[in-house]
Amino acid sequence: MSTIVRPDSLGGALAALAEGARPRAGGVEQAAPGAVVDLTGVADLRGIGPNADGTVRIGAMTTVAALAGLDSHPALALTAGALGTPQIRGTATVGGNLLQRTRCAYLRSPVFSCARSGGMGCPSREGDHLHGVVFDSGVCAAPHPSSLAVALLAHDARVEVVGPSGARTLPIADLYDAVDPVRDHRLSPDEILVAVTLPAGIPGDRVAHRRAAGRSRAEWPLVEAVVRLSPNPDGTVERAAVAVGAVARVPLRLPEVETALVGAVPGAPPGPEVDAALAEVVARCSPLPGSRYKVELVRATLTDVIGRALSP
Amino acid sequence: MDAHVNGHPTPVPDSTTATAAAHLRDGLGLTGTKIACGTGVCGACTVLVDGSPTVSCLLPADRLAGRTVTTVEGLGGDHPVQRAFAAHDGLQCGFCTPGFVVEASVFVDTWRAEHGDTRPDRETIADALAGHLCRCGAYEGIAAAVAAACAGEFDTEPEEAPPRLDALDKVTGRARYSADLAPPGSWEGVIVRSTLPHARVRSVRAADGRTPLVELLPPDRTVRYVGQPIAAVAAPTPEAARTAAATVAVDYDPLPAVVGFDAARSPDAPLVHPTKADRAAAPAYGEAPTPPLPWTGNVRGPGVLSWRGPTAVARLRSASAAGDPLLVAEEYTTATHLHSPLEPHVCVAHWHEDGLRLFVSTQSVSKLADQVASRWDLDRDRVHVVTEHVGGGFGAKNGISSDIRAAVELSRVAGAPVRVSFTRAEELTDAGNRPGTRTRVALLADRDGDLAAMSVDSHGDGGVSVGSSTATLAFLMYGRAPRRVRDFDVVTHRPPGLPMRGPGGPPMAWALEQAVDEMARRLGEDPLSLRLRWDGNVKRRALYERAARTDLWRDRPRGPRTGRFRRGVGVAAANWLYLYGPRARVELVVENGALVARAATQDLGTGIRAVLADTITDRLGLPGGGVRVEIGRSSSVHGTGSYGSRTTASMGPAAADAADRLRSALRDRDPRVPERGPIDEHVLKEALAAAEGLSVVGGRVRDRWGPLIPAMADDLAIGRGMSGAVHVMEVEVDTLLGRVRATRCWAGIAAGRIYSERQARNQCEGAVVQGVGQALFEERRHDPNTGAVLTDDLEDYRIPGLGDVPETEVYFHREGFEHVPGGGVGLGEVSVVGVAAAVGNAVFDATGWRPRDLPLRPDRLIEGIR
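In this text, all values refer to a predicted model and were calculated from it rather than measured experimentally.

Reading the values: the criteria
Residues numbered from 1 in each chain as written. Chains lettered and ligands numbered in written order. Predicted model: local features only at pLDDT ≥ 70, side-chain atom pairs only at ≥ 80, totals over all residues. Heavy atoms only, no water. Helix = DSSP H or I, 4+ residues; strand = E, 2+ residues; numbered from the N terminus. Rg over C-alpha atoms; globule rule 2.2 N^0.38 Å. Buried < 20%, exposed > 50% of the residue type's maximum accessible area, 1.4 Å probe, protein only. Contact = heavy atoms within 4.5 Å. Areas by Shrake-Rupley, 256 points an atom, 1.4 Å probe, with all protein chains shown as cover. Lys, Arg positive; Asp, Glu negative; His and termini not counted. Charge placed at Lys NZ, Arg CZ, Asp CG, Glu CD. Domains from an automatic or database assignment. Pairing = 2+ DSSP bridges. Axes fitted to C-alpha atoms, helices over the stretch in contact; angles between N-to-C directions. Buried area = accessible area lost by both parts, 1.4 Å probe. Salt bridge = Lys/Arg side-chain N within 4 Å of Asp/Glu carboxyl O. Polar contact = N/O pair within 3.5 Å; in protein donor to acceptor, adjacent residues only side chain to side chain. Parallel < 35°, antiparallel > 145°, perpendicular 65-115°, else oblique. Nonpolar A, V, L, I, M, F, W, Y, C, P; charged D, E, K, R; others polar.

Peer 1: What's the story with the overall build of chain B in this structure? I'm lost.
Peer 2: Each helix and strand counted, chain B has 25 helices and 30 strands in total. The C-alpha atoms of chain B give 27 Å as radius of gyration, which agrees with the globular expectation for 866 residues (29 Å, within 12%). If one aligns the C-alpha atoms of chain B with their principal axes, the spans along those axes are about 80 × 75 × 60 Å. Counting across all 866 residues of chain B, residues that qualify as buried make up 65%. Look at the contacts in chain B between residues 6 or more apart in sequence, and 78% of them connect residues 24 or more apart. Total accessible area on chain B stands at roughly 29,700 Å², and carbon and sulfur atoms take up 50% of it. The positive charge centre, built from 98 side chains, and the negative charge centre, built from 107, are 6 Å apart in chain B.

Peer 1: Even after reading the chapter, I still don't get the domain arrangement of chain B, so can you show me in this structure?
Peer 2: Partitioning chain B into structural domains gives domain 1 (3–74), domain 2 (76–175), domain 3 (176–255 + 343–423), domain 4 (264–280 + 294–337 + 436–518), domain 5 (537–577 + 721–865) and domain 6 (585–701). For domain 1 of chain B versus domain 6 of chain B, the distance between C-alpha centres works out to 41 Å.

Peer 1: I'm lost on the sheet that holds strand β15 (residues 346–352) of chain B in this one. Help?
Peer 2: To summarise the sheet geometry, strands pair through backbone hydrogen bonds and adopt either a parallel or an antiparallel arrangement. Residues and elements named next belong to chain B. Pairing in this open sheet of seven strands is mixed, and the strands run β8-β10-β6-β18-β15-β16-β17 from one edge to the other. Single-partner strands in this sheet number two, and they are β8 (213–215) and β17 (383–386). The mean angle between the axes of side-by-side strands here comes to 20 degrees, regardless of whether they run parallel or antiparallel. Sheet topology note: the strand β6 (residues 187–193)/strand β10 (residues 229–235) ladder contains six bridges and is antiparallel. The residue bridging valine 190 from the neighbouring strand is valine 233, located in β10. Contacts from helix α12 (residues 402–414) reach β6, β8, β10, β15, β16 (355–360) and β18 (418–421), with the element oriented near 30 degrees to β15.

Peer 1: How should the interface of chain A and chain B be read in this particular structure?
Peer 2: Interface size is often expressed as the accessible area that is lost when the parts come together. Each side of the interface is counted separately: chain A has 49 residues, and chain B has 54 residues. Looking only at chain A, the three residues that lose the most surface to chain B are Gln87(A), Arg215(A) and Arg217(A), adding up to 19% of its buried area. Here chain A is connected to chain B by 15 salt bridges. Its salt-bridge partner being Arg108(A), residue Asp793(B) comes within 3.2 Å of it at the nearest N-O pair. Seen at the junction of chain A and chain B, the total is 30 residue pairs in polar contact (both at pLDDT 80 or more).

Peer 1: Got a minute to help me understand the pattern of salt bridges in this structure?
Peer 2: Proximity of charged atoms lets side chains of opposite charge pair with each other. Tallied over the entire structure, the rule returns 93 salt bridges over all chains. For the salt bridge of Glu224(A) with Arg211(A), the shortest nitrogen-to-oxygen distance reads 3.5 Å. Taken together, the residues Glu224(A) in strand β10 (residues 223–231) and Arg211(A) in strand β9 (residues 206–212) connect sequence positions 13 residues apart. Here Lys397(B) makes a salt bridge to Glu343(B), at a shortest N to O gap of 3.2 Å. Taken together, the residues Lys397(B) in the loop between β17 and α12 and Glu343(B) in the loop between β14 (327–334) and β15 connect sequence positions 54 residues apart. With respect to class, Lys397(B) is no different from Glu343(B); both count as buried. Sharing partners across several salt bridges, the network here consists of Arg6(A), Arg24(A), Asp38(A), Asp14(B), Asp62(B) and Arg63(B).

Peer 1: Before we go on, may I ask you to explain the sheet that holds strand β11 (residues 237–245) of chain A in this structure?
Peer 2: Residue and element names in this part refer to chain A. The strand order across the open sheet formed by four strands is β9-β10-β11-β12, and the pairing between neighbours is antiparallel. Strand pairing shows two members of the sheet lacking a second neighbour, β9 and β12 (252–253), which therefore form its edges. Along the sheet, helix α3 (residues 74–81) contacts β9 and β10; its crossing angle with β9, the most-contacted strand, is approximately 20 degrees. Sitting on the sheet, helix α8 (residues 147–154) is in contact with β9, β10, β11 and β12, with an inclination near 160 degrees to β11.

Peer 1: It is not clear to me how the packing of helix α15 (residues 505–523) of chain B against helix α16 (residues 527–534) of chain B should be interpreted in this structure. Could you clarify?
Peer 2: A pair of packed helices is captured by two measures, namely the crossing angle of their axes and the spacing between those axes. All names here are of chain B. Viewed as axis vectors pointing N to C, α15 and α16 meet at an angle of 105 degrees, and their least axial separation amounts to 9 Å. The pairing of α15 with α16 is recorded here as roughly perpendicular in orientation. Taking contact as the criterion, the partners of Glu513, Val516, Asp517, Met519, Ala520 and Leu523 in α15 are, on α16, Pro527, Leu530, Arg531, Arg533 and Trp534. Its residues assigned to classes, the contact of α15 with α16 shows seven nonpolar, no polar and four charged.

Peer 1: Can you walk me through unusual backbone geometry in this structure?
Peer 2: With the exception of glycine, most residues fall at negative phi, and the peptide bonds are largely trans. Of note, the bond from Gly301(B) into Pro302(B) is cis; its omega dihedral lies within 30 degrees of zero at 10 degrees. Here Pro302(B) is to be found in strand β13 (residues 299–307). A cis geometry characterises the amide bond from Leu854(B) onward to Pro855(B), with omega recorded as -5 degrees. Its location among the elements puts Pro855(B) in the loop between α24 (835–847) and α25 (858–865). Phi angles above zero are rare outside glycine, and Val139(A) is one such case at about 50 degrees. With respect to the helices and strands, Val139(A) occurs in the loop between α7 (123–126) and α8. Assessed through its relative accessible area of 34%, Val139(A) is described here as partly exposed. The phi torsion at Ser645(B) lies on the positive side, around 50 degrees, for a residue other than glycine.

This is the structure:
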């Protein structure tokens, strides 16, 4: 008989996980059979709070809609506001979004098995992978679906995790594993993602976000990009963060593009070094036959966000 | 802890698998909340939880504890946005409407609190309603309704009744769809489907050996595509039925399969239909009976139509050899397009002492009862088919589909009513489709720029089914120049097609209308003026002239476009056959001193209830509301099926005839009833009171000169004259990201007199929405190795939202069908045929790149433009 446990503390939640219950946050992903630990009542998972040092802690049960109103971190807010539908944004949580299951029609289908579902290989690789990766890291060909992860990566966020052996924090990049094809993330089943911590927002940051997709709204992106440019006092770019999603098993930062953007002048078109960096990114791509178009789309999407972030 | 649902405390189930939507519907009987996609994408299940719009199909039921829930029923019916949806006709089939109005009620209230009684712009409304999809495409009315409600225009009940007779039922959630009508104690049935593309099924059994199970295999026990029904099981609850289905053991003998279009044509390909009998039994997706044609391996055809065909072919060959620049020879393809009505296929079957009762979502109540009676060997009057409201169909809900077979058989075995309802995955896999096509078109112009020869060769990609008619439809366009058109079918181990709104039409126009545009370019001629020269059709010529005077066409950009965003305008023409049902009947009965109209027809969302009511009241000169309409029951007099654009053209004249007969019968009793003209209200009241129980039946009066082709099978005749359409489409192409946005559209439709202005416009606006969906987004994708459908939810099979569709103006040319009683014919299909082609021509105009393949995905744009 399946049951629902509703703990009001992290300790209670961890105890339920230890007994094999599955965590439930927003409930957007439909429940698998079995016992459930509903995280709604756990106080430590809630709330958005600026800390004394200017960093911002976002409880894992914070909704995507709440993030969309986060004025201190506009790159994250823009990304959150473009995700899914208004109803989904009102329900889906930060934690659930970061730890969501890979979206792949083959994985969903009862007709196929693959490395992720206990079988071998990847039928999408041999079959249809129009939405597949363009930075191939082997076996699974489905890109990571989390938009928030892309924006959080561009913000150098850290995630706070608790488990039976205590709490730890790790950079958001370390939440994911590009090589291991079987896992959606690196948490173990008895751990809980408690919160995300953002470094202090930098006033004057120039940011842009884009989902390249066919429809205007409510669509999974073919390529997603976030750019965040922090200015020097003279307005030129001091530091840049550029991240792309829907292209690899994990969200990616693009260091060559970031380096090229340092010193860029807002209001002026990006210089040739940016084009050269984009060409380097393109050269690094390793598309599958059906996702080859994404190489150009990566360049185009980055061109779009960089152009808008630098626009007067 | 209880939930407060619409003001009442109610217990909440403590289940890990129950969704709030299922609990509201099945547990509390609040069936206004609809389940359409099951994945939180379409918004039909939206309810307010503590005031926030929430998709209840994803929300775990136990999450309702301690919350305040408002469903569409809880809105009452007095919210301004509900009145606005009804008045602006922001709905067709109405299945998505409860979700839309629940969401919109919050948006409108919030907007007015923040901005006062002002009108939000369309983008703002599109943002707010981004979590809602309307497959009928009633977005023009929806946007207008939301804006008007925000502006405070519907704070009081409007004086005028809404254009749609069932609008108030649909905006309040009162309208009952077939899944809502399952009697208490109904069991649930679930279909077990093939996981192999080709296999002989040795045995099927339920894991426990006791669960009611019926086989759904063809006589040869062979499955020919992944997703083909094998059996169905039933259990008292949906969850138990799903569990039972998951444990059914199927023992297969796998057979070699072929799923690729090209692979199927290779000489050593496994044969999908190896024997003559198999070929004759191949499912058909044409609207008309499929004629016998020769087969070569997996290719059927050609079906040829020829008018001086050898001349056409000789001219084209010599032009090709000579490199004639006025020869346009090109190949175009279209993807498999899915009907995807938001209400899935559903049937509740109940064997009963009066026979067999079916609550079913069908486009043909009367014909279905005939078919069921024949298949299960029952007297026709012991079959009771009921379809109160149909949540869209577009051609997919016509005949005995597998939900009906399963429900009827399981109900007999289980000894209880059984409901079988497709999941969205089933709906998108095995509920029919508009097959993909590959079409080669060749046009040759002579020195005067006249059409000298045409040939069209088209291959339909209909999986195991046949019946492509793409080329055949091209035969009927552009005068009488020499021509040869040939239709082929390529069969594969993939799911079968069904007729879909204008079968063959959009693929035909996609190829032909772009080729005509290319010819205009080579001739250096305006595309409208070329069509005006080539096209002899009087009605369409009137539309070309009108189109040329629209701002959209006159002010279109000229010359090469530069920059990232490029605007373009394109045009496409279309025609369609005028079909009607000669056996259509409408009964008028005097009951309790009032008039009731009855017929075994159904409302697919097109608004036939209002057409019948308005026709009768106009004819008798009665005030609106003077007649009650009851349709959707097979026990009524025969009504026509709603396919082939014929409901209005068949039922409208029958209603008028019934009104005339009623007048005459009343006049026999009361001479104060005038022979013609309005009947005085007081006289009518007395005449009706004296005629209690009177019943007259009107029929479909013949057209002047009769039909072109009289009664083919199935209550179907082809009338004289064709309907026509001209679409002018504006797009904006983002050349960087490869995205096309359809921004404005002018839809000129020639279907004679319009019976119901607002509803007709709505249908034509919806056709633009579906055509834009086909042009830009919609594509059923399958695994190239097994043929398994991959786009089996509404996240991956992408239909347009409000933000994706052009602002559309509909113009009606109302002449040309004076020989038809009522003066008008159907427009459901002609209004969709040319839309995607107009998008294609607009993209070419904007970019100079000619798209060949549908849909116009970003990857194709990027590759094409660079």
